[in-house]
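Letter by letter, the chains look like this.
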Amino acid sequence: MLSTNSFINGKASEEDRKWMWRALSLARLSEGCTRPNPPVGAVVVKNGVEIGSGRHLKAGGPHAEVNAFDSCRKSAVGSTLYVTLEPCSTTGRTPPCTDRILREGVSRVVVGCIDRNSRHCGKGIELLRQHGVEVVTGICEADALKLVEPFFKHISTGMPFVTLKLGMTMDGRIADRYGTSQWITGEPARRQVQQLRRRADAVMVGSGTVLADNPSLLCRIGGGDNLLRVAVDSRAKTAKQWRRWKIFTDQAAGRTIVATGEDRVADFSAAQANGVRVWGFKLDPDGHLPLTDLLRRLGAETNAMHLLCEGGGGLAGALHHNGLVDEYRLFQAPAILNDGRAMAAFSFGEHRLADMRRLKIVKVQRVGSDLLTVLRPDGGPSAN
Ligand code: AOF
Ligand code: ZN
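Parameters at a glance
- Residues numbered from 1 in each chain as written.
- Chains lettered and ligands numbered in written order.
- Predicted model: local features only at pLDDT ≥ 70, side-chain atom pairs only at ≥ 80, totals over all residues.
- Heavy atoms only, no water.
- Buried < 20%, exposed > 50% of the residue type's maximum accessible area, 1.4 Å probe, protein only.
- Helix = DSSP H or I, 4+ residues; strand = E, 2+ residues; numbered from the N terminus.
- Pairing = 2+ DSSP bridges.
- Axes fitted to C-alpha atoms, helices over the stretch in contact; angles between N-to-C directions.
- Donors = N, O, S within 2.8 Å, 3.2 Å for Na, K, Ca; no water.
- Contact = heavy atoms within 4.5 Å.
- Core = buried A, V, L, I, M, F, W, Y, C linked by side-chain atoms within 4.5 Å.
- Near = heavy atom within 4 Å.
- Polar contact = N/O pair within 3.5 Å; in protein donor to acceptor, adjacent residues only side chain to side chain.
- Areas by Shrake-Rupley, 256 points an atom, 1.4 Å probe, with all protein chains shown as cover.
- Nonpolar A, V, L, I, M, F, W, Y, C, P; charged D, E, K, R; others polar.
- Domains from an automatic or database assignment.
- Buried area = accessible area lost by both parts, 1.4 Å probe.
- Salt bridge = Lys/Arg side-chain N within 4 Å of Asp/Glu carboxyl O.
- 1 Å grid on protein atoms, 1.4 Å probe; cavity = no way out; pocket = protein on both sides within 12 Å on 5 of 7 lines; lining within 4 Å.
- Points joined across faces, edges and corners; volume = space filled by probe spheres on them.

### Some points on the pairing of strand β1 (residues 41–46)
Taken across its six residues, β1 has six buried, putting it largely inside the fold. Going residue by residue along β1, you find G41, V43 and V45 tucked away on one face and A42, V44 and K46 tucked away on the opposite face as well. As judged from the six bridges shared by β1 and strand β2 (residues 49–55), these two strands associate in the antiparallel manner. Looking across to β2, one finds that V43 is bridged to S53. Linkage of β1 to β2, two consecutive antiparallel strands, is achieved through a turn of two residues, within which N47 is found at a positive phi near 50°.

### Some points on the sheet that holds β1
By definition, the strands of a sheet pair up through backbone hydrogen bonds, in either a parallel or an antiparallel sense. Spatial ordering of the open sheet is given by β2-β1-β3-β4-β5, a layout of five strands whose pairing is mixed. For this open sheet the edge positions go to β2 and β5 (134–137), each flanked by a neighbour on one side alone. When the angles between neighbouring strand axes are averaged without regard to direction, this sheet yields 15°.

### What to know about the coordination of the zinc ion (ligand 2)
Taken together, the protein ligands of the zinc ion (ligand 2) are H63 (ND1), C88 (SG) and C97 (SG), with distances of 1.9 to 2.3 Å. We note that the donor set of the zinc ion (ligand 2) lies within a single chain, spaced as H-x24-C-x8-C. Placement of the pair is H63 in the loop between β2 and α2 (64–70) and C88 in the loop between β3 (80–85) and α3 (97–104), with a sequence separation of 25 residues.

### Examining the sheet that holds strand β13 (residues 327–333)
A sheet is described by the order of its strands in space; here nine strands give the open sequence β11-β10-β9-β8-β12-β6-β13-β16-β15, paired in mixed fashion. The open sheet has two edge strands, β11 (277–281) and β15 (359–367), and neither has a second partner. With direction set aside, neighbouring strand axes in the sheet form an average angle of 20°. By the bridge criterion, eight bridges tie β15 to strand β16 (residues 370–377) in an arrangement that is antiparallel. In the strand pairing of β16, K360 is matched with R376. Of the strands in this sheet, β6 (161–169), β12 (306–309), β13 and β16 touch helix α5 (residues 141–157), which is tilted by about 120° from β6. Sitting on the sheet, helix α11 (residues 313–321) touches β6, β8 (202–206), β9 (228–232), β12, β13 and β15, and the angle it makes with β8 is about 110°.

### Notes on the nonpolar core
When a protein is soluble and globular, its nonpolar side chains tend to lie buried together. Of all hydrophobic cores here, the largest spans 42 residues; its most connected members are V44, L81 and V109. Counting only elements with at least two residues in this core, the list comes to α1 (14–29), β1, α2, β3, β4 (108–113), α4 (123–130), β5 and α5. Apart from residues lying up to four places away in sequence, L81 is in contact with A42, V43, V44, E65, F69, I101, V106, R108, V109 and V110. With 34 residues, the next largest nonpolar core counts M159, L164, L166 and L295 among its residues.

### Quick look at the site of ligand 1
Taken together, 16 residues sit near ligand 1, with N37, H63, A64, R93 and D115 positioned nearest. One of the backbone N or O atoms of T94 is found 2.9 Å from an oxygen atom in ligand 1. At 3.0 Å, a side-chain N or O of N117 approaches an oxygen atom of ligand 1. For ligand 1, whose unbound accessible area comes to 480 Å², protein coverage reaches 98%. Counted by class, the shell around ligand 1 contains five nonpolar, seven polar and four charged residues.

### Some remarks on the domain arrangement of the protein chain
In terms of domains, the protein chain is made up of domain 1 (4–147) and domain 2 (153–376). Taking the mean C-alpha position of each, domain 1 and domain 2 sit 35 Å from one another. With eleven residues of domain 1 in contact, the opposing surface of domain 2 contributes 14 residues. Overall, the association of domain 1 and domain 2 removes approximately 1000 Å² of surface from exposure, summing both partners, and the carbon and sulfur fraction of that is 44%. On inspection of domain 1 and its partner domain 2, the count reaches three salt bridges.

### Quick notes on unusual backbone geometry
In this structure, W183 follows Q182 across a cis peptide bond, with omega equal to -5°. Tracing the backbone shows W183 in the loop between β7 (173–175) and α6 (187–199). In this chain, G311 is followed by G312 through a cis amide linkage whose omega measures 0°. Take G312: it is sitting in the loop between β12 and α11. With a phi angle near 45°, C121 is a residue other than glycine that sits in the positive phi range. Examined against the element boundaries, C121 turns out to sit in the loop between β4 and α4. Even without glycine at this site, N303 takes up a positive phi of about 65°. Mapped onto the elements of the fold, N303 is located in the loop between α10 (291–301) and β12.

### Quick notes on empty space enclosed by the protein
Enumeration over the complete set of coordinates arrives at three cavities of 30 Å³ or more. For the largest cavity, the full set of lining residues is E31, G32, T34, P39, L147, P150, F151, R199, D201, M305 and H306. The element that contributes the greatest number of residues to the lining of the largest cavity is α5, accounting for three residues. A breakdown of the residues in the lining of the largest cavity according to their chemical character gives five nonpolar, three polar and three charged. Inspection of the lining of the largest cavity shows a minimum of three residues originating in each of domain 1 (4–147) and domain 2 (153–376).

This is how it looks when you write it as structure tokens:
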């Protein structure tokens, strides 16, 4: 995990943590809206009082710091700026925030975490210090890092951060043998899934889930207006009766991508005419769609930084098998289905115990009457 302790200087206090917490809560409102840019929040405080605040709303638009200064009710001279991510120091789509900070006469800048974007990466902090501004870093750092983790993954690998969410029984079943899956987990767990969709850039399911549940995959709690929907359907099982499936026919059909075998693309021509994007991939000799290529293409063509996979078992198993999951969020209902032919949460290929991929538990929490276990690949960062 990136630690910026070496940057810490100046005085950090409870007061600093309180204002950084406020900046973080602003930034969280921007999750799922800013791709390929990070969600960032900023607060300007003078004599212990907030005089302005802002967040980054959209790529190409003003950065959080600029929105915060623009909202100020009085001069920011001598104020403290709280910002969840290191201020930028070069011109991108917008001018450098460090210029604006210096122009405003801010005397102190408190930063949540260092920007891993190689264009910045500590340079903004150095520049501010050279101009006599006191800079404190690493305040609420774990929370600040968690917020920009998908941005860091996307900027460093070109692929989205992958969260895998599954709702299952205690014996690891996501549906009965007939495909009935609604509902295994309770309402509070399902509400958390809506929150996950709001924060994601894209939600992904396998064709079996489309056929069994006909999900809308929309975010029903407000926000999520740019949420992409991805269906992985290597053999074009959803093509023939495409009009039946909500993701191909509803108002948001233009935000649906179907990933299929390259020789199956034509099967989706009617759905395509309805605005659905159809991506063809060369299947591997076992007929599996190359998921790494799909993630790369999503990162490159849609700028998706955070992908939420909601099953089913085949897709979850394939992502896991290929080491493509960054975080597992497994909701378990206190129930045992007790049927060896029911649908397993993970089912991809044949695996021996000796080859089993080990994970580490990051968090265990009760959600209503269900149990949430958050896991990460062993050796990865441990944010939750
Ligand atoms: C943002 N919003 O609030 C901050 C960012 O192309 P630009 O000019 O928008 O610059 C994007 C980069 O600026 C971004 O990759 C990140 O490293 C840095 N900081 N970006 O979009 C913000 N503070
Ligand atoms: Zn900036």
